[in-house]
Amino acid sequence: MSDPVGKLPSELDQLPDRDTEETAEWAASLDAVAKAAGTRRAEYLLRRTLQHAEAAGLALPKLLETDYVNTIPTSAEPEFPGDEEMEAKITAWNRWNAAAMVTRGSKYGVGGHIATFASAAWLYETGFQHFFRGKEADGSGDQLYIQGHASPGIYARAFLDGRVSEQQLDNFRQESGGNGLPSYPHPRRLPWLWEFPTVSMGLGPLSAIYQARFNRYLQNRSIKDTANSHVWAFLGDGEMDEPESTAALALASREQLDNLTFVINCNLQRLDGPVRANFRVVQELEAQFRGAGWNVIKSLWGSAWDELFRLDTTGALVRRLREVPDAQFQTYATRDVAYIRQHFFGANAELVQLAGVLSDAKIAECFHSSRGGHEPRKVYAAYKAALEHKGAPTVILAQTVKGYTLGAGFESKNANHQMKKLTIDEFKGMRDLLGLPIPDSAFADGVVPYGHPGANSPEVRYLNERRAALGGPAPARKVKHVALPAPAERSFAPLIKGSGKQEMATTMAFVRLVKDLMRDKETGKRWVPIVPDEARTFGMESLFPSAGIYSPLGQTYEPVDRDQLMYYKEAKDGQILNEGITEAGAMADFIAACTSYATHGEPMIPFYIFYSMFGWQRTADQMWQLADQLGKGFIVGATAGRTTLTGEGLQHADGHSHLIASTNPASLNYDPAFAYEIAVIVKDGLRRMYGEKPEDVFYYLTVYNEPKVQPAMPEGVEEGILKGLYRFNEASSLESAPAADAPKIQLMASGTAIHWALEAQQLLAADWNVAADVWSATSWGELRREALECDEALLRGEVRTPYVTRALEGVTSPVLAVSDWMRQVPDQISQWVEQDWTSLGTDGFGLSDTREGARRHFGVDAQSIVVAALAQLARRGEVPASAIKEARERYGL
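In this text, all values refer to a predicted model and were calculated from it rather than measured experimentally.

Student: Would you mind showing me how to read the overall build of the chain here?
Tutor: Check the secondary structure of the chain and you find 34 helices and 20 strands. Counting every position in the chain, which comprises 893 residues, the buried fraction comes to 58%. Look at the contacts in the chain between residues 6 or more apart in sequence, and 77% of them connect residues 24 or more apart. Here the chain has roughly 36,800 Å² of accessible surface; of this, 50% comes from carbon and sulfur atoms.

Spelled out as structure tokens, the structure:
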């Protein structure tokens, strides 16, 4: 029989009590307090005791929530080191120009956001004036992940320091004509300013965590001293709803990333309305982060609240703040004092008594504007505490008013995220509030002017002096190109010469190549293998003992397989990033490694290997982020194709990743059939990405887990491999070659499909006297890219013939393309093939079966290729139509 409610056993029942009398005394004391002073006093004492125990380092479970007050009280705030009046003037100019830029742009219909930066202005300005280290200081400076919707404010500050012109401000969101500014932080569009793309919400916080982690990786591997680099991620409270935003919180605390600070702008509003209308998002976030092991600092209330908290001798105010939902508090920010007195302070007699000694002006100030995120002293105190905290990352929950200083028409309104402009009268009101010296005459023809105090003004001099002291402008992206030497040829030689009689899957061929490249004296240490807990699947366990798996703690245990040759080895200077079951985390790791050449001036060569189905399909948004951030590296979709991965079924069978990859302009996509093709592609990729003239591209290679004999590389095929197509085997080379006047067909195949095409070549010759040449199509995507470039050149009056057209020049027979992908993959090039074209593919859902069964099901096996070839030739009258039926019956189709 179970215990009654309230009498359930707890973990304490399992612990021996060495002094039951003392325990009883503590319990009796608590009962006495509750009886004499009330349960609220007892609760207060317990909370304070637990907080004291936590501060003393006692091993107790943490409180997940603290009171809805500032973590750092006013009395404990450090002295503010800056000129607060001067910084207020600078912030005022930034607020003005950010709003003016978006408003002026609205006449072109390009949009923009005003309210986000208005709420967060001091969160940024305090950092720029006192904390954010620039690229000209020692080391790499800080890494700033700017909230995308706040970009107008960053442009406004760059206008103030002279890095952005008035013309550029007027070209906000108008880039096609040149000299424009991108909507959000886009490094590819503005590579001298932005480092990190952040407006695909949720990816910024995830990437910030892995960037901080990668900084430690470089430090622990003695590649770059990153001890002075701090990662700052500015986020919105609504953005924290994205699952990626909180996906790696435990990693950050587990690895003690005290080089990382999240600053969450808690203006309590998302795009359509309150973030947590019926709840309190600040308390929710605090519990989430504290539960994950983060240091949490709340900066909620401005100094106007100090008087209220001093008068709150019973705790009634704190309790009321803890119970009011966010949407109601937003309503208080827009209503008059009488409403606040009735609906907030009227909740109980203690609050009515407190409100009785408060002036209307004090109540209005507290509820309408006084927030911790709007006061530089409170923001400074939070930032300083974050940097001084050791052993865990910090999150700062800063409460603000969305649309602050933009006027009553904007502040705390549900629709303010979509409001793109202010009227002239609203601008004049904003000018008066901010105290800016802009005369009415400046509003000529109803156009709001930009404002600038002058290049030699006290404001600009102060701004520049502070940035000089912190290491130069910020944000900024600076690339000092470091060319890597080409690896020794011996690393590529085993794949070039083939495997002899030994069978080897192309997945294994790639892993062997990388293992050899990691031994290179010049560049070996720069390889960064990344895998989401599937290294053994891809035959990478041989790298464990030699390269080691990165862990900031090293190996604190004896691995169960320590007596084996390929044992599981973790090391503080380990080279492999084995991320666990998180493709998003592995991709974030990859992005940090891919962009190390810019972030730290240290080019790294990452390769991220994964089940191909769980790459582009699962993390394609991050692939765009990678392209925007100008990343370089190798993405490897292993166990590729829809039929090669036996038995796994629908959700594991990838037949479309090359289609998704083809949508990314920075991705060079290859589907190599043989080991030597991999060698040629990787070698050229290293040249293109890390050589003397580096390109801002990355590679996607698909490799297969089907063991096959790997041939030696034929002569003169390198160009075709890289461009995407070459003739691998002519029908005339067969032992029983068809007659010279036999019908001809061209079989194009990529990846593992080359083997079905070669078998079909034999069957066509032996059974049907048809001569088939087999072509290896290493990249349908690169063939299309080059053909599109030719089309674009034609619009400029330049006549160029696409490579695929030239490669097939003189061929009069039809072309049949086949792959382990959907037909759309090879069909990408069909419009530039002048011969009759058809294709076979694996369209539809995957299924569990043997390779042979799956290929017969999709109609891409050798026998199906034969029937399709005969059908193509029959349509041309080159073989009798009866051959199609005969072949179907012969092969049991």
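After that view, the rundown keeps rolling.
Student: Would you explain the side chain of Gln 863 in this entry?
Tutor: Residue position: Gln 863 is located in helix α33 (residues 862-875). Residue classification places Gln 863 among the buried positions, given a relative accessible area of 18%. Those residues within four positions of Gln 863 in sequence are excluded, and the remaining contacts are Glu 759, Leu 763, Arg 856, Tyr 891 and Leu 893.

Student: Which parts of the structure should I look at to understand the packing of helix α4 (residues 115-130) against helix α18 (residues 458-469)?
Tutor: Two numbers describe a pair of packed helices, the interaxial angle and the distance between the axes. For the pair α4 and α18, the least separation of the axes is 7 Å and the interaxial angle reads 65°. Of the residues in α18, those touching α4 at Gly 127, Phe 128, Gln 129 and His 130 are Tyr 462, Leu 463, Arg 466 and Arg 467. Residue composition of the contact of α4 with α18, by class: 3 nonpolar, 3 polar and 2 charged.

Student: Would you mind going over helix α17 (residues 424-434) with me for this structure?
Tutor: An α-helical turn contains 3.6 residues, so a residue and the one three or four places further along point in the same direction. Listed as buried for α17 are Phe 427, Met 430, Arg 431 and Leu 434. Taken end-on, α17 shows its buried residues confined to a sector of 105°, consistent with a single buried face. Looking at α17, the residues exposed on the side facing more than 90 degrees away from the buried face are Asp 425, Asp 432 and Leu 433. Looking at the buried positions of α17, the neighbouring elements they touch are α3 (84-105).

Student: What should I look at first to understand unusual backbone geometry in this one?
Tutor: Omega for the bond connecting Ala 474 with Pro 475 falls within 30 degrees of zero, at -5°, which places this linkage in the cis form. With respect to the helices and strands, Pro 475 occurs in the loop between α18 and α19 (493-496). Phi is positive for Gln 256, which is not a glycine, with a value near 55°. Within the secondary structure, Gln 256 is located in the loop between α8 (249-254) and β3 (260-266). When its relative accessible area of 42% is taken as the criterion, Gln 256 is described as partly exposed. You will see that Leu 630, though not glycine, has its phi angle at about 60°, which is positive. When you line up the elements, Leu 630 lands in the loop between α24 (616-628) and β12 (634-638).

Cut-offs and rules
- Residues numbered from 1 in each chain as written.
- Predicted model: local features only at pLDDT ≥ 70, side-chain atom pairs only at ≥ 80, totals over all residues.
- Heavy atoms only, no water.
- Helix = DSSP H or I, 4+ residues; strand = E, 2+ residues; numbered from the N terminus.
- Buried < 20%, exposed > 50% of the residue type's maximum accessible area, 1.4 Å probe, protein only.
- Contact = heavy atoms within 4.5 Å.
- Areas by Shrake-Rupley, 256 points an atom, 1.4 Å probe, with all protein chains shown as cover.
- Axes fitted to C-alpha atoms, helices over the stretch in contact; angles between N-to-C directions.
- Nonpolar A, V, L, I, M, F, W, Y, C, P; charged D, E, K, R; others polar.
- Arc of directions from axis to C-beta.

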